[in-house]
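Fold and geometry: a report
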Amino acid sequence: MSDMQTHLKFGATWSPTGIFKPGNPKPVLTTPMGYLFDGDCLQVLPTIFDNSVDTVFADPPFNIGKTYGKKVNDSRPDEEYVAWCKKWIDECIRVLKPGGAFFLYNLPRWNIILGAQLAEQGLTFRHWVAIGLKVLMPIPGRLYPAHYSLLYYTKGKPKTFRNIRVPIQTCRHCGGEVKDYGGHRNAMNPKGVNLTDIWEDISPVRHWRFKSKNRKANQLSTKLVNRAVQISTHPGDTILDPFGGAGTTFDVCEAAGRHWIGIELQNCDVIIERMESVNIRHHENDDFVEEQRISGVGQKKTHMTNKPTVKCV
Ligand SMILES: C[S@@+](CC[C@H](N)C(=O)[O-])C[C@H]1O[C@@H](n2cnc3c(N)ncnc32)[C@H](O)[C@@H]1O
């Protein structure tokens, strides 16, 4: 782990109490909202106290031979990959507060196994969310794969569940509404329809407006991560992401006024760059969170100041 520590130029850093054990490794980045650790999540997670974070959001490598860098092996034998996942999953469950939420993003073929692990460890199943894929490669002899899986479990009864409403679906050609709602259209909530467990409105992150030029590997849409954050936490709560990647979760947390703990093994520099940059935008988001409206519509980030960071009102 690097000895270098970066404090962003603004504001006092976060002083969490009851989260890190004495002698925990030094973060490479601290902000008023979060801590980033450069290292292996299996080394860092044990330095966090039991029952101390509100939500875990994990987007691990999928074991499909991607190149993240020399420190990451994304081509393990199947059994080894599953055994590795079970180790960090168990640690994440340990640090999750009672009632906290665990989101796990992966291919269906892995999540069917990893979901069983979450259940075996006593977590409560909430949803298998299907995230619709836009760009697909047909696989000979198989059905055409059209979704990623986002598992949503809680440690017992959920302590927070905030319902999300999404705009009534319209045709992108004519602008007309796609469904007739069985003749009950006039009785519908003007704030939109309840979010379902199929999310077809998540775009892949392709455009440079939304990502760092220094990271070639995949990263998630802020809209997807924001939903998990909004559903399961309140401002001031703490989210743990053990696979930082390009820092999407931390960026979302900063904008949403949530504390965050991040770990990344390969390259923390792109995360630090993203947290300092005001040029990487968030995806358009028309979600209505019951209690508060999300207003981060493709706007430039303004949260790297001493001003309150919450954009949701
Ligand atoms: C799929 S990417 C995460 C992308 C992230 N959700 C985003 O939107 O930017 C997985 C990340 O996990 C990191 N990683 C792999 N093994 C790790 C480990 N043992 N501990 C911490 N990070 C690890 C990889 O370097 C990679 O950046």
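Residues numbered from 1 in each chain as written. Predicted model: local features only at pLDDT ≥ 70, side-chain atom pairs only at ≥ 80, totals over all residues.

It is worth spelling out the pairing of strand β4 (residues 53–58) at this point. Where burial is concerned, most of β4 is hidden: six out of the six residues are buried. The pairing of β4 with strand β5 (residues 96–106) spans five bridges and is parallel. Considered in β5, the bridge of Ala-58 is made with Leu-104. This β-α-β element, β4 to helix α2 (residues 78–95) to β5, shows right-handed connectivity. The sheet contact formed by β4 and strand β11 (residues 238–241) spans two bridges and is parallel. Of the residues in β11, the one forming a bridge with Thr-55 is Ile-239. (Buried ≥ 20, exposed ≤ 12 C-beta atoms within 10 Å, placed from the backbone. Helix = DSSP H or I, 4+ residues; strand = E, 2+ residues; numbered from the N terminus. Pairing = 2+ DSSP bridges. Right-handed = clockwise from strand over helix to strand, strands pointing away.)

Neighbouring the ligand are 20 residues, the closest being Gln-219, Phe-243, Gly-245, Thr-248 and Gln-266. Broken down by secondary-structure element, the contributors of at least two residues to the shell around the ligand are α1 (41–44) and β12 (259–264). When its residues are assigned to classes, the shell around the ligand shows 12 nonpolar, five polar and three charged. (Near = placed C-beta within 6 Å. Nonpolar A, V, L, I, M, F, W, Y, C, P; charged D, E, K, R; others polar.)

Attention now moves to the packing of α2 against helix α3 (residues 108–120). Relative placement of two packed helices is described by the angle separating their axes and the distance separating the axes. Look at α2 against α3: their axes get within 10 Å of each other, and the N-to-C directions meet at 35°. As α2 runs across α3, the sense of the crossing is right-handed. Residue-level contacts link Val-82, Cys-85, Lys-86 and Ile-89 of α2 to Ile-113, Leu-114, Gln-117 and Leu-118 of α3. Its residues assigned to classes, the contact of α2 with α3 comprises six nonpolar, one polar and one charged. (Axes fitted to C-alpha atoms, helices over the stretch in contact; angles between N-to-C directions. Left-handed = near helix turned anticlockwise from the far one by under 90°. Contact = placed C-beta atoms within 7 Å.)

This part covers the packing of helix α4 (residues 222–232) against helix α5 (residues 248–256). Put simply, α4 and α5 touch, their axes get as near as 9 Å, and they point 60° apart. In terms of orientation, α4 lies oblique with respect to α5. Of the two possible hands of crossing, α4 and α5 adopt the one that is right-handed. The residues of α5 that touch α4, namely those facing Thr-222, Val-225, Asn-226 and Val-229, are Thr-248, Thr-249, Asp-251, Val-252, Cys-253 and Ala-256. When its residues are assigned to classes, the contact of α4 with α5 shows five nonpolar, four polar and one charged. (Parallel < 35°, antiparallel > 145°, perpendicular 65-115°, else oblique.)

On to the nonpolar core, then. With 55 residues, the main nonpolar core has Leu-36, Val-56, Ala-58, Cys-92, Phe-102, Phe-103 and Cys-253 as its most contacted residues. For this core, the leading source of residues is β5, giving six residues. Discounting residues that sit within four places of it in the chain, Phe-103 has contacts with Val-56, Phe-57, Ala-58, Leu-150, Leu-151, Tyr-152 and Ala-228. (Core = buried A, V, L, I, M, F, W, Y, C linked by C-beta atoms within 7 Å.)

This part takes up helix α6 (residues 269–276). Listing the buried residues of α6 in full gives Val-270, Ile-271, Arg-274 and Met-275. Looking straight down α6, one finds that the buried residues subtend no more than 135° of arc, so they occupy a single side. On its buried side, α6 packs onto β2 (29–30), β3 (34–38), α5 and β12. (Arc of directions from axis to C-beta.)

Next up on the list: α4. Since one α-helical turn is 3.6 residues long, residues separated by three or four positions face the same way. In terms of burial, α4 is largely enclosed, as 11 of its 11 residues are buried. Those residues of α4 not exposed but buried are Thr-222, Lys-223, Leu-224, Val-225, Asn-226, Arg-227, Ala-228, Val-229, Gln-230, Ile-231 and Ser-232.

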